[in-house]
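For reference, the chains in residue letters:
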Amino acid sequence: VNLKDDRSSSLRRKLRRVILGTTLVALFVALGSMIAYDVRLYHRTWTADMATQAELLARTCVPALLFDDPGVARENLALLRLRPNVLSAAIYGPRGATFASYSRDPGDTPVPPLPGADGIHVVGSFVEVNHRIVEDGAILGTFYLRARHGLGDRILQHLLIASFLAVLGMVVAYVYSERLQRSVSQPILEVARVAREIAETADYSRRAPRLSDDEVGLLGESFNGLLAEVEARSHALAETNAELAREMSVKAEAQREILRLNSELEERVRDRTAQLTSAMQELETFCYSVSHDLRAPLRGIHGFSQALVADFPRDLPDEAHRYLSRITASATRMEQLIEDLLNLSKLTRATLTRREVDLSDLAGRVVENLRTTDPDRRVEVLIREGMKVDADPRLLQTAIENLLGNAWKFTAKTELPRIEVGCMRDGARTVHFVRDNGAGFDMQYADKLFGAFQRLHRQDEFPGTGIGLATVARVVHRHGGRIWADGQIGAGAAFYFTLAEPVAGATDAPETTNGEA
Amino acid sequence: MTRVRSRRREAALAALLLLAATRGRSAETIRSSEHAVKAAYLLHFSAYVEWPTSTFQGADSPLVIGVLGDDDLARDLSEISADRRVAGHPLVVRRLLAEDPTSGLQILFIGKSLERDLSELLRKSRAPGLLAVTDSDGALELGSTINFVTAEERVRFDISLRSAESLDLRLSSRLLAVARNVIPG
C-alpha cells in the first residue's frame, strides 16, 4: 500500500514542487526588487533628508555666524538631539576654524578639525554632509554633519520581513497548491489507478472516471476508448480460443477414434496374418506331403515302364515303345516338377544365414557348370569382377542358377548369344542384373513372370517347369530385396534384383553383422 | 564680463568679511577692528529687518544708512557695502553731521562720540521706519532700537523690541536669537 501511495503521489510531489518552486522564485523576485527599490528610495530620501537638515540648520546658524555668536550656534546644533541618528555636527568659520560643535555622546568620534569638500559622502554605514554656508554670495562657513544612515539595519529588517513573508507565502502557496494541484493531478492519478488495477486484474471492463474537461479528460477518454477496443479484442480472442479449443477437442476425439480403429485394424491384421501364416504352413505341409507322397506312385510308373521296355523289347510293337518312352518322359518330367516344388518349399522353410558372398565367383562357377552340361553351345558370358554381396550363399546360388539357367536356355536360338551379369548403383542401393539377348518376353505379361507354374513359352519351344523365376523371387524376397524384369520379344530380357532395400537399410545393417557373426 | 567682475567683487568682499570675522575673534585686534566689526554688523542688520512698505518708493530704491559721529565706521561701512544689495535695494552710506536731517534714512548709526547729545539726537530723529543703532550704554532707554555692547571681549548688541514696534519695524527672530539682551515690547 505504501508503494502505491508513493507511486501515486510522485505526480503530486512534482506538481507541488513546481508550484512551490515557482512561488518561491516569484516571491524572491518580488521581495528582492521591493527591497532593492525600498533601500534605494530610503537611501535617497535619507540622504536628501540629511542634506535638507544640514541646510536648514546651517541657515539657522547664519545669524550666529554673522554676529559671531558660537553660543547660539551651539544651541542650534543641540537641536539635533531630536535626530538620534545624527552623531555629530559642527559649524566651521569661513577659514575653516571650528565655530561650534555638537556630539551626541561625548565618547563619539570628534568632529574633524577642518571641513571636508562640499557634498554628501557615504563612508561605511555613516553619512557625512559638508554644506557651505553662503550668504549674499559670500562663504560664511561650513556646516558639518555626521550620521549613521542605518541602511544595514533597514536591509536586515527588510530581509527579516521578507523571510517571514516568504515563509508565509510558501505556507499559503502550499495549502493552496494542495487544492489546486488536485484538480490537475486527480484525473491523471485516477487514470493511472485504473490502468494499474487493469494491469493487476486484467479486467478490461473498468473505465477511468472523467473528472475534467481539459487534455487530461481527453487522455482519460482516449484511455477508455483504448480499453473498450482492448476489451472487444480480448472478447473476440477468448471466443476464438474457445472455438479453437472446441475444434481441438473434436480433433482429439477423432484422433482417438482413428487410433482405436488403427489398433483394431492392427489386431485384425495380426489375426489375419496369424490365420494366413497357419494356413500357409498347412498348405506347404500339404504341398510337401503331397509332393513327397506322389513320388512313390510315380516311381512305380517310371520303374514299370522301364521294366516293360527291358523285359519285352521285341514283343511290343513300335507304337507301344513310343508310348512307353512318352510315359517315361512324362514321369521324368513330373519327377522334376515334384523336385522343384520340394525345393521351393524348402526355400521357404530354410533359415536365412547371411554372409559375404562373391557374386562374381558364384556366377562364374554356375556358368562353368552350364558349359560342362552343354558343351556344344557357344555363349559369350560377361561377368563383372569383384561383386560382393551380403546374402545366404545357398539361396543365392539357387537364384543365380535359375537366372543364368534361364538366360542360357532362352538364348539357345539366338545367333550370337550373350549373357551379362553386373551391377549398378541406384541411389543408396545396389541393383544386380542378369541380362541376355535371347527370346525375351512380352512386357504385358511382366507381372506374371514370377508366379509359380507361369510359363510364357511353349514346352516344346523352351522346356521348363515354370518354377524357376518363382524360386528366384522367393529368394530375393526372403533377403528383403526386390526383383523386376525388362524385356522385349526377340530382343532379350533383363532381370534386376536387390538383396536389401535402402528403406530397411537401418534395420538391415545390424542383421548383416549378426549374419557374419 | 559683468558677471566675472561681480564674482571678483564678491570674492573680495568675502575676504574682507573673513578678515572682520577673524579680527572679531582675536582679543589683541579687537580694538583696532571694532569699527570694522560694527560696520559689518550694521550691514547684516539690514537683512533681518523688515521696514514698513511705505519706506521704499520702488523695489530698487536705495537702502540708506546714515552714520553720525564715527567716521572710521562710516569709512569701513562704505567699503564693505559698495555694490551690495539688501532684498534688492542698493546700499547707500551717508556720513552725517549732527544738524543734518535724518529723513530718507532707513538706518541711523550714532557713534560713541555723540554720547552726550544722544538723547536729543534720538528724540529728533525718531520717525517710523527709521532703525536707530547706537553704541552707548543705556541708549535703549533713550529710545534706541539696537545698541552695541562689548561683552567677553566680543562685540554684542542689545535690542529693544518696544522701540522697534513703536517705529513700525519688524526684527527677525533670528536676529533676536543672537542678541545679548532683548527688551520685550
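Along every chain, residues carry numbers that run from 1 in the direction the sequence is written. Whichever chain is written first becomes A and whichever ligand is written first becomes 1, with later ones labelled in order. Local features in this predicted model are restricted to residues whose pLDDT is 70 or higher, and side-chain atom pairs enter the listing and the counts only when it is 80 or higher, whereas totals over whole chains, interfaces and linings include all residues. Hydrogens and water are ignored here; the side-chain numbers use all heavy atoms of the structure.

### Describing unusual backbone geometry
- The backbone of Asp-68 of chain A sits at a positive phi, close to 55 degrees, despite the residue not being glycine.
- Phi at Asp-168 of chain B is positive, roughly 65 degrees, even though this residue is not glycine.
- The topology assignment puts Asp-168 of chain B in the loop between α5 (161–166) and β9 (170–171). Put simply, DSSP H or I for four residues or longer makes a helix, DSSP E for two residues or longer makes a strand, and each gets a number counted from the N terminus.

### Structural notes on the packing of aromatic side chains
- Only centres within 6.5 Å qualify two rings of Phe, Tyr or Trp (six-membered ring in Trp) as a pair; their planes then separate them into stacked at under 30 degrees, edge-to-face at over 60, and tilted for everything else. Here the structure, examined in full by the defined rule, presents 15 aromatic pairs over all chains.
- Their ring planes at 80 degrees and their centres at 5.1 Å tell us that Phe-67 of chain A and Tyr-41 of chain B sit as a pair that is edge-to-face. Placement of the pair is Phe-67 of chain A in the loop between α1 (2–66) and α2 (70–78) and Tyr-41 of chain B in helix α2 (residues 30–45), with the two residues belonging to separate chains. This pair shows no difference in class: Phe-67 of chain A is buried, exactly as Tyr-41 of chain B is.
- Ring geometry for Phe-67 of chain A versus Phe-45 of chain B: centroids 5.3 Å apart, planes at 20 degrees, classification stacked. Buried means the residue's accessible area, taken with a 1.4 Å probe over protein chains only, is under 20% of the maximum for its type, while exposed means over 50%, and partly exposed covers the values in between.

### Let's talk about the interface of chain A and chain B
- On the chain B side, the residues contacting the 19 residues of chain A number 20 residues.
- Interface area for chain A against chain B, summed over the two sides, is near 1,700 Å², with a carbon-plus-sulfur share of 59%.
- What makes a salt bridge here is a side-chain nitrogen of Lys or Arg within 4 Å of a carboxyl oxygen of Asp or Glu, nothing more. On the surface where chain A and chain B come into contact, there are two salt bridges.
- Asp-69 of chain A serves as the salt-bridge partner of Arg-156 of chain B, at 2.7 Å between the closest nitrogen and oxygen.
- Definition of a polar contact: a pair of N or O atoms within 3.5 Å, with one able to donate and the other able to accept a hydrogen when the atoms are protein atoms, and with sequence-neighbouring residues admitted only if both atoms are side-chain atoms. Counting every contact that joins chain A to chain B gives six residue pairs in polar contact (both at pLDDT 80 or more).
- Secondary-structure elements contributing two or more residues to the side of chain A that touches chain B are α1, α2 and β2 (98–103) of chain A.
- It is α1 of chain A that provides the largest number of residues to the side of chain A that touches chain B, a total of six residues.
- Grouping the constituent residues of the side of chain A that touches chain B by class yields 10 nonpolar, three polar and six charged. Note on definitions: a residue-residue contact is assigned when non-hydrogen atoms from the two residues lie within 4.5 Å. Buried area is understood as the total, over both parts, of accessible area removed when two parts are fitted together, assessed with a 1.4 Å probe. When residues are grouped by polarity, Ala, Val, Leu, Ile, Met, Phe, Trp, Tyr, Cys and Pro land in nonpolar, Asp, Glu, Lys and Arg in charged, and all others, Gly among them, in polar.

### A short note on the pairing of strand β11 (residues 483–488) of chain A
Residue and element names in this part refer to chain A.
- Across the two faces of β11 the burial differs, with Ile-483, Ala-485 and Gly-487 buried and Trp-484, Asp-486 and Gln-488 not buried at all.
- Any two strands between which DSSP finds at least two bridges are classified as paired. Pairing geometry for β11 and strand β12 (residues 492–497), over six bridges, is antiparallel. Each bridged residue has a counterpart across the sheet, and for Gln-488 the counterpart in β12 is Gly-492.
- Where β11 hands over to β12, the hairpin turn is made up of three residues, of which Gly-490 adopts a positive phi near 80 degrees.

### Points about the sheet that holds β12 of chain A
All names here are of chain A.
- The five strands are arranged β7-β9-β10-β12-β11 in an open sheet whose pairing can be described as mixed. Each of the sheet's edge strands pairs with one partner strand only, and the pair in question is β7 (380–383) and β11. Taking the axes of each pair of neighbouring strands and ignoring which way they run, one obtains an average angle of 20 degrees across the sheet.
- Direction of pairing for strand β10 (residues 429–436) relative to β12: antiparallel, over a ladder of five bridges. For Asp-436, the partnering residue across the bridge sits in β12 and is Ala-493.
- Each axis is a line fitted through C-alpha atoms, and for a helix only the stretch in contact is used; angles between axes span 0 to 180 degrees, taken between their N-to-C directions. Here helix α6 (residues 359–373) sits on the sheet and contacts β7, β9 (418–426) and β10; the angle it forms with β7, its principal contact strand, is near 165 degrees.

### A look at the environment of Ile-65 of chain B
All names here are of chain B.
- You can see Ile-65 is positioned in strand β2 (residues 63–68).
- The spatial distance from the C-alpha of Ile-65 to the C-alpha of Leu-131 is 9.3 Å, given a sequence separation of 66 residues.
- Beyond its immediate stretch of four places on either side in the chain, Ile-65 contacts Leu-42, Leu-77, Leu-91, Val-92, Val-93, Arg-94, Leu-105 and Ile-107.

### Notes on the packing of α6 of chain A against helix α7 (residues 393–410) of chain A
Residues and elements named next belong to chain A.
- It is the contact of α6 with α7, at a shortest axis distance of 10 Å, that shows an interaxial angle of 50 degrees. It follows that α6 is oblique to α7 by the angle criterion. Viewed along their axes, α6 and α7 form a crossing whose handedness is right-handed. Facing α6, whose interface residues are Leu-359, Leu-362, Ala-363, Arg-365, Val-366, Val-367, Leu-370 and Arg-371, α7 presents Leu-396, Gln-397, Ile-400, Glu-401, Leu-404, Gly-405 and Trp-408.
- Across the contact of α6 with α7, the residue classes break down as 10 nonpolar, two polar and three charged. With respect to orientation, any angle under 35 degrees is reported as roughly parallel, any angle over 145 as roughly antiparallel, any angle of 65 to 115 as roughly perpendicular, and every other angle as oblique. Less than a right angle of anticlockwise turn of the near helix away from the far helix marks a crossing as left-handed, whereas a clockwise turn marks it as right-handed.

### Regarding α2 of chain A
- Along α2 of chain A, the residues that are buried comprise Pro-70, Val-72, Ala-73, Asn-76 and Leu-77 of chain A. End-on view of α2 of chain A: buried residues confined to an arc of 160 degrees, all on one side of the axis. It is the directions from the helix axis to the C-beta atoms whose arc is reported.

### Concerning the sheet that holds strand β3 (residues 119–123) of chain A
Residue and element names in this part refer to chain A.
- Taken in spatial order, the five strands make up an open sheet running β2-β1-β5-β4-β3, and their pairing is antiparallel. Taken across any chain shown, the strands that pair with only one partner, and hence form the sheet edges, are β2 and β3. Going from strand to strand, the sheet's axes swing by 10 degrees on average, the running direction of each strand aside.
- Inspection of the sheet shows strand β4 (residues 126–135) paired to strand β5 (residues 138–148) by 10 bridges, in the antiparallel sense. Within β5, the residue paired with Ile-133 across the bridge is Gly-141.

### Concerning the side chain of Asp-76 of chain B
All names here are of chain B.
- Following the sequence through the fold, Asp-76 ends up in helix α3 (residues 71–81).
- His is not counted, nor are the chain ends; Lys and Arg add positive charge and Asp and Glu add negative charge. For the buried Asp-76, no salt bridge exists, and the shortest N-O distance to an oppositely charged side chain is 4.2 Å, to Arg-75.
- A distance of 3.2 Å separates a polar atom in the side chain of Asp-76 from the backbone nitrogen of Ala-36.
- Setting aside residues up to four positions removed in sequence, Asp-76 forms contacts with His-35, Ala-36 and Ala-39.

### A short note on the nonpolar core
- Counting residues in hydrophobic clusters, the biggest one holds 75 residues, and the most contacted among them are Phe-143 of chain A together with Phe-45 and Phe-157 of chain B.
- Considering each element in turn, this core owes the most residues, 16 residues, to α1 of chain A.
- Contacts of Phe-143 of chain A, omitting those with residues within four sequence positions, involve Ala-54, Leu-57, Ala-58, Leu-77, Ala-89, Ala-90, Ile-91, Val-129, Asn-130, His-131 and Ile-133 of chain A.
- Judged by nonpolar contacts, the second largest core, of 43 residues, contains Leu-341, Leu-344, Val-381 and Leu-469 of chain A. To qualify as a nonpolar core, a set must consist of buried Ala, Val, Leu, Ile, Met, Phe, Trp, Tyr and Cys residues joined through side-chain atoms within 4.5 Å.

### Observations concerning the confidence of the model for chain B
All names here are of chain B.
- pLDDT expresses, on a scale from 0 to 100, how confident the predictor is about each individual residue. With 83% of its residues at a pLDDT of 70 or more, chain B has an overall mean of 83.
- Overall, residues 23–31 carries pLDDT values under 50, and its contacts beyond four positions in sequence, including any with other chains, amount to 14 contacts.
- Overall fold confidence (pTM) sits at 0.47, and the ipTM for the predicted complex is 0.76.

### Some thoughts on the pairing of β9 of chain A
Residue and element names in this part refer to chain A.
- Where β7 meets β9, four bridges bridge the pair, whose relative direction is parallel. The residue of β9 that forms the bridge with Leu-382 is Glu-420.
- Sheet analysis places β9 next to β10, joined by eight bridges and oriented antiparallel. Residue pairing for β10: Ile-419 is matched across the bridge by Asp-436.
- Two successive antiparallel strands, β9 and β10, enclose a turn made up of two residues, where Gly-427 displays a positive phi of approximately 70 degrees.

### Some words on the packing of α7 of chain A against helix α8 (residues 468–478) of chain A
Residues and elements named next belong to chain A.
- Two elements in contact, α7 and α8, have axes whose closest approach is 9 Å; the angle formed by their N-to-C orientations is 145 degrees. Judged by the sense of rotation from one axis to the other, the crossing of α7 with α8 is left-handed. The segment α7 lies against α8, with Leu-395, Leu-396, Thr-398, Ala-399, Asn-402, Leu-403 and Asn-406 engaging Gly-468, Leu-469, Thr-471, Val-472 and Val-475.
- For the contact of α7 with α8, the class distribution of residues is seven nonpolar, five polar and no charged.

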